[in-house]
Amino acid sequence: MSDPNRPSGAERDAAFAAVLREFVDGLPQRLLVLRTALEGLARGEQGDLLETLHVRAHSLKGTAAAFGALEVSACARAVEDRAHRWVRGGAVRRDELPAARDELRRLEQAAAAYAAGAFPGGSR
């Protein structure tokens, strides 16, 4: 006997699709925050930019993994790891900025590829 309080498979699929849509639609804003933080750090700006870069990359890493966006997660981890090293060292290593930009560029490319394939058949 089915439980009337338990959602059907179709209802669960629709709920997941809605949450996935929210994640995919939010990727550009998440990436903009990371890009803005990194570029601010490159200009020598102070404040919470380093913490923002670290925490937001960490958050994206985990969220992306939950949605099966494994390449996005791996690229976000690279950004997170570098930011974490900078946090531990107390400063941005200016000689590492080109590599950090490359990591962020790879993250942006991975996110674009994931978003393009997230809704096969245009079921967005």
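A few points on the structure. The structure presented is a predicted model; accordingly, all values stated were derived computationally and were not measured. (Residues numbered from 1 in each chain as written. Predicted model: local features only at pLDDT ≥ 70, side-chain atom pairs only at ≥ 80, totals over all residues. Heavy atoms only, no water.)

Helix and strand counts for the protein come out as 4 helices and 0 strands. The linear arrangement of helices and strands in the protein, starting from the amino end, is α-α-α-α. Against the 2.2 N^0.38 benchmark of 14 Å for 124 residues, the protein shows a C-alpha radius of gyration of 18 Å, more extended than a compact globule. For the protein, the spread of C-alpha atoms along the three principal axes comes to 65 × 30 × 20 Å. Expressed as a percentage of contacts within the protein between residues at least 6 apart in sequence, the contacts between residues at least 24 apart total 68%. For the protein, the exposed area adds up to about 7,500 Å²; of that, 54% sits on carbon and sulfur atoms. Here the protein contributes 18 positive and 17 negative side-chain charges, whose respective centroids are spaced 3 Å apart. (Helix = DSSP H or I, 4+ residues; strand = E, 2+ residues; numbered from the N terminus. Rg over C-alpha atoms; globule rule 2.2 N^0.38 Å. Contact = heavy atoms within 4.5 Å. Areas by Shrake-Rupley, 256 points an atom, 1.4 Å probe, with all protein chains shown as cover. Lys, Arg positive; Asp, Glu negative; His and termini not counted. Charge placed at Lys NZ, Arg CZ, Asp CG, Glu CD.)

Applying the stated criterion to the full structure yields 11 salt bridges. Salt bridges linked by common partners bring R82, R93, D95, E96 and E103 together as one network. (Salt bridge = Lys/Arg side-chain N within 4 Å of Asp/Glu carboxyl O.)

The subject of this paragraph is the packing of aromatic side chains. This structure, assessed with the given rule, holds 3 aromatic pairs. Plain terms: the ring middles of F16 and F67 are 5.8 Å apart, the flat faces sit at 40° to each other, and that makes the pair tilted. One end of the pair, F16, is in helix α1 (residues 9-42); the other, F67, is in the loop between α2 (49-66) and α3 (70-89), and 51 residues separate them in sequence. The partly exposed category is assigned to F16, whose relative accessible area is 45%. Ring centres of F23 and Y114 lie 6.2 Å apart, and the angle between their planes is 70°; on these two criteria the pair is classed as edge-to-face. With F23 in helix α1 and Y114 in helix α4 (residues 97-117), this pair connects stretches of sequence that are 91 residues apart. The two residues F23 and Y114 agree in class, both being buried. (Phe/Tyr/Trp six-rings, centres within 6.5 Å; stacked < 30°, edge-to-face > 60°. Buried < 20%, exposed > 50% of the residue type's maximum accessible area, 1.4 Å probe, protein only.)

Attention now moves to the packing of α2 against α3. Viewed as axis vectors pointing N to C, α2 and α3 meet at an angle of 155°, and their least axial separation amounts to 8 Å. Put simply, α2 runs roughly antiparallel to α3. Considering how the two elements wind past one another, α2 and α3 form a crossing that is left-handed. Between α2 and α3, the contacting residues are L50, E51, L53, H54, A57, H58, L60, K61, A64 and A65 on the first element and L70, V72, S73, A76, R77, V79, E80, A83, H84, W86 and V87 on the second. (Axes fitted to C-alpha atoms, helices over the stretch in contact; angles between N-to-C directions. Parallel < 35°, antiparallel > 145°, perpendicular 65-115°, else oblique. Left-handed = near helix turned anticlockwise from the far one by under 90°.)

Owing to its 3.6 residues per turn, the α-helix brings residues three or four apart onto one side. Relative to the 50 Å expected for 34 residues at 1.5 Å per residue, α1 spans 48 Å between its end C-alpha atoms, a close match to the ideal helical length. A bend of about 40° at L27 is the largest found in α1, and the proline P28 appears one to four places after it. Downstream of α1 by one or two residues, G44 has phi in the positive range, about 85°. (Expected span 1.5 Å × (residues − 1). Bend = angle between axes of the 7 residues up to and from the residue.)

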